[in-house]
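Structure at a glance
Each chain, letter by letter, is given below.
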Amino acid sequence: MKRRVFALALAGLMTFSMAACGNSGGSSSGGNAAAGTDEAAAEAEDKAVAGSEDAENKLVIWTLADDLKQFAEHYCEQNPDTQIETVVIAPADYLTKIQSAMRGKAKEPDIIVAEPQMLDTMYEAGYLEDLDQDPYNAQQYADNMVDYVWKAGQDADGVQRAISYQITPAAIYYRRDIAQKVFGTEDPEQIGQYFKDYKTILQTGETLKNAGYKIFASDGELGFFAGDSAWVVDGKLNVDQGRKDYMDLCIDLYQKDMTAYVASWSTTWYQGMSGPIPVIDSSTDVWNEEQMQEASESGQTTEVFAYGLPSWGVLTMRDHVGDLSGKWGVCAGPAYGFSGGTFLGINSLSEKKDLAWDFIQFVTTNEDTLDWWIETSQGDVVSWIPTIEKHKEDANEIYGGQKLYEFFLEQAEGIDYSKVTKYDKAIGDAWSAAITSIKTGEMDKETAINNFYDTVESTYPEIEVDR
Amino acid sequence: MAFRIKKSILYIALTALAVLCLFPFLLMMVNATRTGSEIVTSFTLIPGQALAENWQIVSGYFNLFKGMANSLMVAIPATLLSGYFSSLTAYALVVYKFKGNKLLSVIIVVFMMIPSQLSLLGFYDLVTMLNLVDSYIPLIVPAIAAPGIVFFLRQYCEASIQPALLEAARMDGAGEIKIFHKIILPLMSPGIATMSIGTFIGNWNNYLTPLILLNSPDKFTLPVMVASLNSSTDITANQGAIYLAVAISVIPILIVFAFCSKYIISSISAGGVKE
């Protein structure tokens, strides 16, 4: 008997170890971090350490995006007495890694990189050095920085602790050829008018639907423009009319068949950037090329008119537009928004603060570096205003020769950072969960909104919820 | 006839299961040869052209073989240590009668149930105080204490060791340690091998602990390196490279499994036959 139990246990254990086998492939892929180019990344050789091995100064950077590797390389070319070790950590576990290291009072890394949603946690924990004091005096640069990223780098008391070299305002990316056909114009200013508020978007969607197109791949595209108010005001949950209008818009877009029912970042979503995608119904097999061919002949495919993405979407689109290169345009959305961004701060326990500060200045405020970066990244938008001004006239051929830097600067200047709270991510997710359950008919509106209130209440007991 | 039908149903079911198990592996191999953009926009079982390109991306991020060597450097000693010391403990718990034997066994079972993630922060603090951050020692040495393996080997010992053997050895004048090394260890080797596969794979795939404990990129183990491919700016760009890196990183596991599988089978079937 005992043996049989043992054999069973063994078999069970084997199953477990098999499961472990599969795990290594499943590591999360949630990193839609900042901008940069994969091509350039491929060029950057097998080097976690930039500069010569026996340089006297050594700087350690921890980051969650690979773009700083290139900056490090560039810095070391100009400062041969320095070597920089750039440790790239998977985005999903980055904060855990920083937190445990800082818990152990680590003197390295010297420079900590962060994305906006982690900044508050880092400020509160005191990981980052005060950059307002001597010898940094960061405020000398305040006037030349795009306002919202500068504000994002400040903690609750307004002390500068991190600086970003890029801006990431959101925009609507639309098909110029379709715009020409349906609206008789492809001018970004005028197309922007078709996206100026939620009501207009619904009408635009109707027009496009009648012309045989889908306005968006999914209703999630508008997520970057959702609501123009803070989620939490004076410790109270704030669900204003804008939020409710946004909810209604998403439900309408979905239920009135104006989107292609495709989830963002999914296969079909990318397909839409380069041409027709299938109309999803049960009879079409998306994976079967023959069927897809038939479907397109019998009119069962459709084309997506627009995508909503932050400025780093310029690079995402670039890699996927294929034959539609030059036929995309960029215009303003119904509200200002942003997502992502690479912020640099100095570890408050670092022993090489001067060197770290020199590097941060080099990355964020040195115009030669920024010119070089714009060249290398082919379209990343920097936060240093003089440099953007200088590149104002640069035309991007993938987007029909549009002058994107000028456009994104305008969009970034409209962002009001005071509306950003540390609760945004969690509350925003709960709100979209509510929207999803309403639009699919899983719950009625009242239940879904009540559920949303419950979620917020239980996640953040400190927030007052006024139903 | 009925037997035939039964048999063919069985075979069809088994074939279906085998396909189900192997299909993801095949897909991984195929995707390792395709570009990220191809992977996210279409699906096929025909290998693509991008193998070299993916390899370039992988080596642009890190040296895969260095990572493999690092992983082996952690996984092999940890596996050996846990196998040896666990069997030592298990043997003692089964053969020697002493006060607290039962209590110790119970404690071991209790510790088996504590998930290692829980103690991670405390463990990190300990490692910092010992000044062992960024070294392999805290990844290897704790493998000595593996309650789960002790528990299983204890069962194995109870089932496979005859007291008469020990008596004979003692009569011939062998010391206790010698008995363990010369007689017990070989007897237990199928059980140890089975456990070692689990330990090896566990260490090979271990991600969180090395991620927290290691700081220099050239000491990173394979899973930590592979995960850093996720930090690409465009999440699709590196998909092919990730598949390639994972495909290469499972090779050692396949080798270990092929090498040890006869032990697994023999130790399982050993339970089914009456001696």
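All chains use their own residue numbering, which begins from 1 and follows the written sequence. To label them, take the chains in the order written and letter them from A, then take the ligands in the order written and number them from 1. Restriction of local features to residues with pLDDT of at least 70 applies here, the model being predicted, together with a cutoff of 80 or more for giving and counting side-chain atom pairs; totals for whole chains, interfaces and linings are based on all residues.

As for the overall build of chain A
Segments assigned H or I by DSSP are reported as helices when at least four residues long, segments assigned E as strands when at least two residues long, and all are numbered from the N terminus. Assigned secondary structure in chain A consists of 19 helices and 14 strands. Comment: burial labels come from other C-beta atoms within 10 Å of the residue's own C-beta, placed from the backbone, where a count of 20 or more is buried, 12 or fewer is exposed, and between is partly exposed. Here chain A, with 467 residues, has 45% of them falling under the buried criterion.

Some remarks on the overall build of chain B
When helices and strands are tallied, chain B shows 14 helices and zero strands. Ordered by position in the sequence, the α and β elements of chain B form the string α-α-α-α-α-α-α-α-α-α-α-α-α-α. Here the C-alpha radius of gyration of chain B, 23 Å, is well above what a compact globule of 275 residues would show, namely 19 Å. Expressed along its principal axes, the backbone C-alpha trace of chain B runs to roughly 70 × 70 × 30 Å. Radius of gyration here is computed from C-alpha atoms only, and the compact-globule reference equals 2.2 Å multiplied by the residue count raised to the power 0.38.

Considering the domain arrangement of chain A
Residue and element names in this part refer to chain A. The split into domains, and so the bounds of each, comes from an automatic or database assignment of domains. Here chain A is described as being made up of domain 1 (38-168 + 339-391) and domain 2 (170-335 + 420-459). Each residue gets a C-beta atom placed from its backbone, and two residues are in contact if those atoms lie within 7 Å. Domain 1 puts eight residues into the contact, and the matching count from domain 2 is 10 residues. Charged means Asp, Glu, Lys or Arg here, nonpolar means Ala, Val, Leu, Ile, Met, Phe, Trp, Tyr, Cys or Pro, and polar covers whatever is left, Gly included. Looking at the side of domain 1 that touches domain 2, its residues break down into two nonpolar, five polar and one charged.

Focus: helix H15 (residues 367-377) of chain A
All names here are of chain A. Along H15, the residues that are buried comprise Thr369, Leu370, Trp373 and Ser377. The buried side chains of H15 occupy one side of the element, clustering within an arc of 95 degrees when seen end-on. With respect to the buried face of H15, the exposed residues turned more than 90 degrees away are Asp368 and Glu375. Just downstream of H15 lies glutamine 378, where phi reads positive at about 55 degrees. As used here, the arc belongs to the directions running from the helix axis to the C-beta atoms.

Things to note about the sheet that holds strand S6 (residues 170-175) of chain A
All names here are of chain A. Only strands joined by at least two bridges in the DSSP assignment are considered to pair. Taken in spatial order, the four strands line up as S7-S12-S6-S13 in an open sheet, and their pairing is mixed. Unpaired on one side and paired on the other, strand S7 (214-216) and strand S13 (328-331) mark the two borders of the sheet. With strand direction ignored, the average angle separating the axes of adjacent strands in the sheet is 20 degrees. Only C-alpha atoms enter the line fits that serve as axes; for helices the fit covers just the stretch in contact. Angles between N-to-C directions range over 0 to 180 degrees. Strand contacts of helix H7 (residues 176-183): S6, strand S12 (304-310) and S13, with the helix running at about 70 degrees to S6, the strand carrying the most contacts.

Remarks on the sheet that holds strand S2 (residues 57-63) of chain A
Residues and elements named next belong to chain A. Spatial ordering of the open sheet is given by S1-S3-S2-S4-S14-S5, a layout of six strands whose pairing is mixed. At either end of the open sheet lies a strand with only one pairing partner, and these are strand S1 (49-50) and strand S5 (163-164). The sheet contact formed by S2 and strand S4 (residues 111-114) spans two bridges and is parallel. Bridge assignment links tryptophan 62 to a residue of S4, and that residue is isoleucine 112. Each of S2, strand S3 (82-88), S4, S5 and strand S14 (343-346) is contacted by helix H14 (residues 353-364), which is oriented at about 160 degrees to S14, the strand it contacts most.

So, the confidence of the model for chain B
All names here are of chain B. Mean pLDDT over chain B stands at 84; residues scoring 70 or higher make up 92%. pLDDT: the predictor's confidence for each residue, scored from 0 to 100. Averaged over each element, pLDDT in chain B is lowest for helix H14 (residues 251-270) (70) and highest for helix H7 (residues 137-140) (91). Every residue in residues 271-275 scores below 50 in pLDDT, and together they form five contacts with partners more than four places removed in sequence or on other chains. Across the whole predicted complex the pTM is 0.75, and at the interface the ipTM reaches 0.72.

Considering the nonpolar core
Counting 174 residues, the largest nonpolar core has Ile61, Ile111, Val113 and Tyr173 of chain A together with Leu153 of chain B as its most contacted members. Ranked by the residues each element gives to this core, the list is headed by helix H10 (residues 176-205) of chain B, at eight residues. If you count residues domain by domain, this core takes at least three from each of domain 1 (38-168 + 339-391) and domain 2 (170-335 + 420-459) of chain A. Nonpolar cores are identified as sets of buried Ala, Val, Leu, Ile, Met, Phe, Trp, Tyr and Cys residues joined via C-beta atoms within 7 Å.

A short note on the pairing of S3 of chain A
All names here are of chain A. S3 sits mainly inside the fold: seven of its seven residues count as buried. On S3, burial covers both faces: Thr82, Ile84, Thr86 and Val88 on one face and Gln83, Glu85 and Val87 on the other are all buried. Pairing of S1 with S3 involves two bridges; the strand directions are antiparallel. What sits directly across from valine 49, in S3, is glutamate 85. Pairing of S2 with S3 involves seven bridges; the strand directions are parallel. Residue asparagine 57 lies in a different strand from S3, and its bridge partner there is threonine 82. By convention, orient the strands away from the viewer: a clockwise path from the first strand over the helix to the second makes the crossover right-handed. Taken together, S2, helix H3 (residues 67-78) and S3 form a β-α-β motif whose crossover is right-handed.

Some thoughts on the packing of helix H4 (residues 64-95) of chain B against helix H8 (residues 147-160) of chain B
All names here are of chain B. At a closest axis distance of 8 Å, the pairing of H4 and H8 adopts a crossing angle of 50 degrees. Between H4 and H8, the crossing angle belongs to the class labelled oblique. Relative to H8, the crossing made by H4 is right-handed. Packed against H4, whose contacting residues are Ser82, Ser86, Ser87, Thr89, Ala90, Tyr91, Leu93 and Val94, the element H8 presents Ile149, Val150, Leu153, Arg154, Cys157 and Glu158 at the interface. Of the residues belonging to the contact of H4 with H8, the class tally is eight nonpolar, four polar and two charged. Oblique is the label for every angle not falling under 35 degrees (roughly parallel), over 145 degrees (roughly antiparallel), or within 65 to 115 degrees (roughly perpendicular). Handedness of a helix crossing follows the sense of rotation of the near helix relative to the far helix, less than a right angle counterclockwise being left-handed and clockwise being right-handed.

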